[in-house]
Amino acid sequence: MVLSLVLHISRVYLTGGFKKPRELTWISGVLLAVLTVSFGVTGYSLPWDQVGYWAAKIVTSVPEALNDLLDGVGTSVVILLRGGFSVGQTTLSRFYAIHTLVLPVILLVVLLLHFILLRKQGISGPL
């Protein structure tokens, strides 16, 4: 999936698909790329072995960097993601819910938007 995504983004970039009037199509594509990576991040922790545990711990620690910009925001985001102060069963439940319920719905909405914009504006160059 990620390889297909990289190849598609490369083709769109090389043919100038991000230029006017297709900026919204490009932005929706970037959102789809972020969603694809989010599926990978949330799904990687679901087996809940040592690798999954430490991946969840590292991924949920990243927002703490927001504390440098706005005091306390990073810690609040970390607690929200983990469901507490440490990685545990609540974190796994949240990642599972995000992976199976939230992300697919968002993906379908953004994918539909992407296809509608493609139908309206067309592709930027030859395939």
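Residues numbered from 1 in each chain as written. Predicted model: local features only at pLDDT ≥ 70, side-chain atom pairs only at ≥ 80, totals over all residues. Heavy atoms only, no water.

1. Comments concerning a nonpolar patch on the surface
A contiguous nonpolar surface patch, about 370 Å² in accessible area, is contributed by Leu66, Leu69, Leu70 and Val73. Residue position: Leu69 is located in the loop between helix 3 (50-61) and helix 4 (73-82). (Patch = residues over 30% accessible without salt bridge, like charges linked within 9 Å, V, L, I, M, F, W, Y side chains within 5 Å. Areas by Shrake-Rupley, 256 points an atom, 1.4 Å probe, with all protein chains shown as cover. Salt bridge = Lys/Arg side-chain N within 4 Å of Asp/Glu carboxyl O. Helix = DSSP H or I, 4+ residues; strand = E, 2+ residues; numbered from the N terminus.)

2. Observations regarding the side chain of Arg82
Of note, Arg82 is situated in helix 4. At a separation of 2.7 Å, a polar atom in the side chain of Arg82 contacts the side chain of Ser61. Engagement of the side chain of Arg82 in a polar contact is seen with the backbone oxygen of Phe85, the distance being 3.2 Å. Ignoring anything within four residues of it in the chain, the contact list for Arg82 reads Lys57, Thr60, Ser61, Val87, Thr90, Thr91 and Arg94. (Polar contact = N/O pair within 3.5 Å; in protein donor to acceptor, adjacent residues only side chain to side chain. Contact = heavy atoms within 4.5 Å.)

3. Structural notes on helix 1 (residues 2-14)
For helix 1, spanning 13 residues, the distance from its first C-alpha to its last is 18 Å, which sits close to the expected 18 Å at 1.5 Å a residue. Two residues or fewer past helix 1, Gly16 is found with a positive phi of approximately 75°. (Expected span 1.5 Å × (residues − 1).)

4. As for the packing of aromatic side chains
The final tally for this structure, using the stated rule, is 4 aromatic pairs. A centroid spacing of 5.0 Å and a plane angle of 85° characterise the contact between Tyr53 and Trp54, whose relative ring orientation is edge-to-face. For Tyr53, a relative accessible area of 25% translates into the label partly exposed. By relative accessible area, Trp54 is classed as partly exposed at 43%. Among the aromatic residues, those joined into a cluster by ring pairs are Tyr13, Phe18 and Trp26. (Phe/Tyr/Trp six-rings, centres within 6.5 Å; stacked < 30°, edge-to-face > 60°. Buried < 20%, exposed > 50% of the residue type's maximum accessible area, 1.4 Å probe, protein only.)

5. Side note on the packing of helix 4 against helix 5 (residues 89-121)
With their axes 7 Å apart at the nearest point, helix 4 and helix 5 run at an angle of 80° to one another. In terms of their interaxial angle, helix 4 and helix 5 are classed as roughly perpendicular. Two secondary-structure elements touch here, helix 4 through Leu80, Leu81 and Arg82 and helix 5 through Thr90, Thr91, Arg94 and Phe95. (Axes fitted to C-alpha atoms, helices over the stretch in contact; angles between N-to-C directions. Parallel < 35°, antiparallel > 145°, perpendicular 65-115°, else oblique.)

6. Some points on the side chain of Arg22
With respect to the helices and strands, Arg22 occurs in the loop between helix 1 and helix 2 (23-44). Setting aside its immediate chain neighbours within four residues, Arg22 contacts Gly17, Gln121, Gly122, Ile123 and Ser124.

7. A closer look at the environment of Leu80
Locating Leu80 in the fold gives a position in helix 4. The exposed category is assigned to Leu80, whose relative accessible area is 58%. In the structure, Leu80 is positioned 75 residues away from Leu5 in sequence and 29 Å away in space, judged by C-alpha atoms.

8. Quick look at helix 5
Look at helix 5: 46 Å from first C-alpha to last across 33 residues, which is about the 48 Å you get at 1.5 Å a residue. At Ile98, helix 5 shows its largest bend, some 40°. Looking at helix 5, one finds that the buried residues are Thr91, Leu92, Phe95, His99, Leu103, Val110, His114 and Leu117. Elements in contact with the buried residues of helix 5: helix 2, helix 3 and helix 4. Looking one or two residues beyond helix 5, the residue adopting positive phi is Gly122, at roughly 80°. (Bend = angle between axes of the 7 residues up to and from the residue.)

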